[in-house]
There are 2 protein chains.
Amino acid sequence: MDRIPILKMGDCLLVTIQVDMHDQLAVSLQEDLTAQIAKYASRGVLIDISTLEIVDSFIGRMLANIAAMSRVLDAQTVLTGMQPAVAITLVELGMSLSGIKTALNVERGMELLRQYIQEENEYREPDGSEE
Amino acid sequence: MDRIPILKMGDCLLVTIQVDMHDQLAVSLQEDLTAQIAKYASRGVLIDISTLEIVDSFIGRMLANIAAMSRVLDAQTVLTGMQPAVAITLVELGMSLSGIKTALNVERGMELLRQYIQEENEYREPDGSEE
């Protein structure tokens, strides 16, 4: 298996990471994800890491890269399902994942993304018609 | 990694299979899925197999089992993202996956599940108020 599936759900893309990441897989995920954001004009990316028991500096950096790439393509990234032990490790490693929004689970993550997309739309169309 | 994550999205549960299945993983997926259907009173299960390039009789049987288990727990199963080559292989193997609904992608699968849930609700409450 050499590809992580990216599921399109409306405005957003959903990725669940459930295998150990290695260099090639990380690169292909970044390529696939940026291609799909451009293809579907997606506004949000949701990455679920609920099965990851270990997040080392490599995965942390990859997640930060994905968030940065998405941002320049005009999509917001939300990370969901982080296990408590992973949060402890990340902070102890000195990686606070700044720039990445997090949510407890996929439902809350989707809510956060919808809220963000709505706010952005309002900001872009300040002279919307009153209803 | 010895668990496949199950994502709760409203009334439905979403599973993306992206690793090679083996006996133990299949059993733990069935256990986790039935436990979550019961816990959240889920009405639909969506299984995405878009990255699976090979579906042998073992996986085919596992999917049929999951659908049957879900059905007795009052949840409908939809299989999404099947690759054309997989469809060819399955029919050639004599497995037509009867009893499992399929959809081209996750978006259509979700639509199908929502439609099914709505129909079921109408059937159960035949004397609903007119609006």
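In this report, the structure presented in the accompanying data block is examined. (Residues numbered from 1 in each chain as written. Chains lettered and ligands numbered in written order. Predicted model: local features only at pLDDT ≥ 70, side-chain atom pairs only at ≥ 80, totals over all residues. Heavy atoms only, no water.)

Secondary structure assignment for chain A yields four helices and five strands. In sequence order, the secondary structure elements of chain A are arranged as β-β-α-β-α-β-α-β-α. In terms of C-alpha radius of gyration, chain A reaches 15 Å, essentially the compact-globule figure of 14 Å for 131 residues. Here the C-alpha coordinates of chain A stretch approximately 50 × 30 × 25 Å along the principal axes. The buried share of chain A, reckoned over its 131 residues, is 45%. The contacts in chain A between residues at least 6 apart in sequence include a share of 73% that link residues at least 24 apart. A total accessible area of about 7,200 Å² is found for chain A, and carbon and sulfur atoms account for 49% of it. For chain A, the distance from the average position of its 10 positive side-chain charges to the average position of its 20 negative side-chain charges is 3 Å. (Helix = DSSP H or I, 4+ residues; strand = E, 2+ residues; numbered from the N terminus. Rg over C-alpha atoms; globule rule 2.2 N^0.38 Å. Buried < 20%, exposed > 50% of the residue type's maximum accessible area, 1.4 Å probe, protein only. Contact = heavy atoms within 4.5 Å. Areas by Shrake-Rupley, 256 points an atom, 1.4 Å probe, with all protein chains shown as cover. Lys, Arg positive; Asp, Glu negative; His and termini not counted. Charge placed at Lys NZ, Arg CZ, Asp CG, Glu CD.)

A few words on the sheet that holds strand β4 (residues 76–80) of chain A. Residue and element names in this part refer to chain A. Read from one edge to the other, the open sheet built from five strands follows the order β1-β2-β3-β4-β5, with strand pairing classed as mixed. Looking along the sheet, the strands with just one partner apiece sit at the ends: β1 (6–9) and β5 (101–103). When the angles between neighbouring strand axes are averaged without regard to direction, this sheet yields 25°. (Pairing = 2+ DSSP bridges. Axes fitted to C-alpha atoms, helices over the stretch in contact; angles between N-to-C directions.)

Take the relation of the copies chain A and chain B next. Take chain A, turn it by 180°, move it 0.0 Å along the axis, and it overlays chain B with an RMSD of 0.0 Å. Between the two chains, the operation in question is that of a two-fold axis. A shared interface surface links the copies, since 100% of the contact residues of chain A are contact residues in chain B too. (Least-squares fit on C-alpha atoms with pLDDT ≥ 70 in both.)

A few words now on helix α4 (residues 106–124) of chain A. Residues and elements named next belong to chain A. Its 19 residues give α4 an end-to-end C-alpha distance of 27 Å, which sits within 8% of 27 Å, the value for a rise of 1.5 Å per residue. If you check which residues of α4 are buried, you get Val 106, Gly 109, Met 110, Leu 113, Tyr 116 and Ile 117. In a view along the axis of α4, the buried residues occupy a sector of 125°, so they form one face of it. Facing away from the buried side of α4 by more than 90 degrees, the exposed set consists of Arg 108, Glu 111, Arg 114, Gln 118, Glu 122 and Tyr 123. (Expected span 1.5 Å × (residues − 1). Arc of directions from axis to C-beta.)

As a further point, take the side chain of A:Thr16. With respect to the helices and strands, the residue A:Thr16 is situated in strand β2 (residues 12–16). At a separation of 2.8 Å, a polar atom in the side chain of A:Thr16 contacts the side chain of B:Thr16. Not counting the four nearest positions on each side in its chain, A:Thr16 is found in contact with A:Ile4, A:Asp48, B:Leu7, B:Thr16 and B:Gln18. (Polar contact = N/O pair within 3.5 Å; in protein donor to acceptor, adjacent residues only side chain to side chain.)

For the rest of this paragraph, the subject is the packing of aromatic side chains. Counted by the stated rule, this structure contains zero aromatic pairs over all chains. Between A:Lys8 and the ring centre of A:Tyr40, over which it is positioned, the NZ or CZ distance is 5.1 Å. (Phe/Tyr/Trp six-rings, centres within 6.5 Å; stacked < 30°, edge-to-face > 60°. Lys NZ or Arg CZ within 6 Å of the ring centre and 35° of its normal.)

The subject of this paragraph is the packing of helix α1 (residues 23–40) of chain A against helix α2 (residues 57–72) of chain A. Residues and elements named next belong to chain A. With their axes 10 Å apart at the nearest point, α1 and α2 run at an angle of 15° to one another. Comparing the axis directions of α1 and α2 gives the class roughly parallel. Here the hand of the crossing between α1 and α2 comes out right-handed. Each of Asp 23, Ala 26, Leu 29, Gln 30, Leu 33, Thr 34 and Ile 37 in α1 lies in contact with α2, whose residues at this interface are Phe 58, Met 62, Asn 65, Ile 66, Met 69 and Ser 70. (Parallel < 35°, antiparallel > 145°, perpendicular 65-115°, else oblique. Left-handed = near helix turned anticlockwise from the far one by under 90°.)

The next point concerns the interface of chain A and chain B. Taken together, the 20 residues of chain A in the interface contact 20 residues of chain B. For the chain A and chain B pair, buried surface summed over both sides reaches about 1,900 Å², with 64% attributable to carbon and sulfur atoms. Counting every contact that joins chain A to chain B gives two salt bridges. Residue B:Glu107 is joined to A:Lys8 by a salt bridge in which the shortest nitrogen-to-oxygen separation is 3.2 Å. If you look at where chain A meets chain B, you find seven residue pairs in polar contact (both at pLDDT 80 or more). Its residues placed into classes, the side of chain A that touches chain B shows ten nonpolar, five polar and five charged. (Buried area = accessible area lost by both parts, 1.4 Å probe. Salt bridge = Lys/Arg side-chain N within 4 Å of Asp/Glu carboxyl O. Nonpolar A, V, L, I, M, F, W, Y, C, P; charged D, E, K, R; others polar.)

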